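# Descriptive structure summary
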Amino acid sequence: MARYFRIHADYIGRLGAGAGLFVAVDHLRRAGRLSEAEEDLYFDVDDWFREALPTPPFYADGNTVGAVTWFKTEGCAHFTGRLDALRDLLRAHGVEHRRSESDDPGRIVYEDAHQVGAVPRTRRAPTPLPLGTVLGPTTAGSKRHLGRRAARGPGD
């Protein structure tokens, strides 16, 4: 069994690797393709992981090192249900994706009990994003304030 795994879309993102699961679902959100219920599910899972995992320090400067995060195979079984919920969103919207496994994800620049951040040894040219995707700044905290429900305001 490989030491690390990563769930990613088949399209190549700005880091020269398949866009990670959370990024791929957020691309759907930004493109307006998620229903309100799907957005809420995404925000719930994203917020849960923000609480359950430390934030790698390379995200503080926008990830200028270009690291990609991988889960450790051992000790992450309790993440599976939440990861599967996001995979179901990708499937529902026709986004091809896969689970990759490796003993050598690249040059490891960060490690905690559940994940590593690794700079890929090779990078590929980015491919087109899902139709209608608008890129913009990300946020270190919850994205819930960016959802449709939040935009409507209370009582709308």
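Since this is a predicted model, take the numbers as computed values, not measurements. (Residues numbered from 1 in each chain as written. Predicted model: local features only at pLDDT ≥ 70, side-chain atom pairs only at ≥ 80, totals over all residues. Heavy atoms only, no water.)

## With respect to the overall build of the protein chain
Stated formally: Each helix corresponds to a stretch of at least 4 residues labelled H or I by DSSP, and each strand to a stretch of at least 2 residues labelled E; elements are numbered beginning at the N terminus. Two things to know: the radius of gyration comes from C-alpha atoms, and the globule rule equals 2.2 Å times the number of residues to the power 0.38. Note on exposure labels: buried denotes an accessible area under 20% of the residue type's maximum, exposed denotes more than 50%, and partly exposed covers the range between, all computed with a 1.4 Å probe on protein chains only. Contacts are assigned to residue pairs that have any heavy atoms within 4.5 Å of one another. Areas reported here follow the Shrake-Rupley algorithm with a probe of radius 1.4 Å; residue values treat only the protein chains shown as occluding. Positive residues here are Lys and Arg, negative ones are Asp and Glu, while His and the chain termini are left out of the count. To locate a charge, take NZ of a lysine, CZ of an arginine, CG of an aspartate or CD of a glutamate.
Of regular secondary structure, the protein chain possesses 4 helices and 6 strands. Against the 2.2 N^0.38 benchmark of 15 Å for 156 residues, the protein chain shows a C-alpha radius of gyration of 15 Å, consistent with a compact globule. For the protein chain, the spread of C-alpha atoms along the three principal axes comes to 50 × 30 × 30 Å. Burial statistics for the protein chain: of 156 residues in total, 46% are counted as buried. Looking at the protein chain alone, contacts between residues at least 24 apart form 74% of all its contacts between residues at least 6 apart. Here the protein chain displays about 8,400 Å² of accessible surface, and carbon together with sulfur accounts for 54% of that area. Looking at charge distribution, the protein chain has the averaged site of its 22 positive side-chain charges lying 4 Å from that of its 21 negative ones.

## Topic: the environment of Arg123
Rules: For the purposes of these results, a polar contact is taken to be a pair of N or O atoms within 3.5 Å, where, inside protein, one atom must be able to donate a hydrogen and its partner to accept one; residues adjacent in sequence count only when each atom of the pair is a side-chain atom.
When you line up the elements, Arg123 lands in the loop between strand E6 (115–119) and helix H4 (148–152). Residues Arg123 and Gly13, spaced 110 residues apart in sequence, show a C-alpha to C-alpha distance of 10.0 Å. With residues near it in sequence (within four places) discarded, Arg123 still touches Leu15, Gly16, Val65 and Gly66. In this structure the side chain of Arg123 is engaged in a polar contact, spanning 2.5 Å, whose partner is the backbone oxygen of Leu15.

## Side note on helix H1 (residues 21–30)
For the α-helix, the turn length of 3.6 residues means that residues three or four positions removed from each other point alike. Of all the 10 residues making up H1, 9 are buried; the element is thus mostly covered by neighbouring parts of the structure. Along H1, the positions that sit buried rather than exposed are Leu21, Phe22, Ala24, Val25, Asp26, His27, Leu28, Arg29 and Arg30. If you follow the buried residues of H1, they end up packed against strand E1 (4–12), strand E2 (18–20), helix H2 (36–52) and helix H3 (80–92). Gly32 lies just past H1 and shows a positive phi near 75 degrees.

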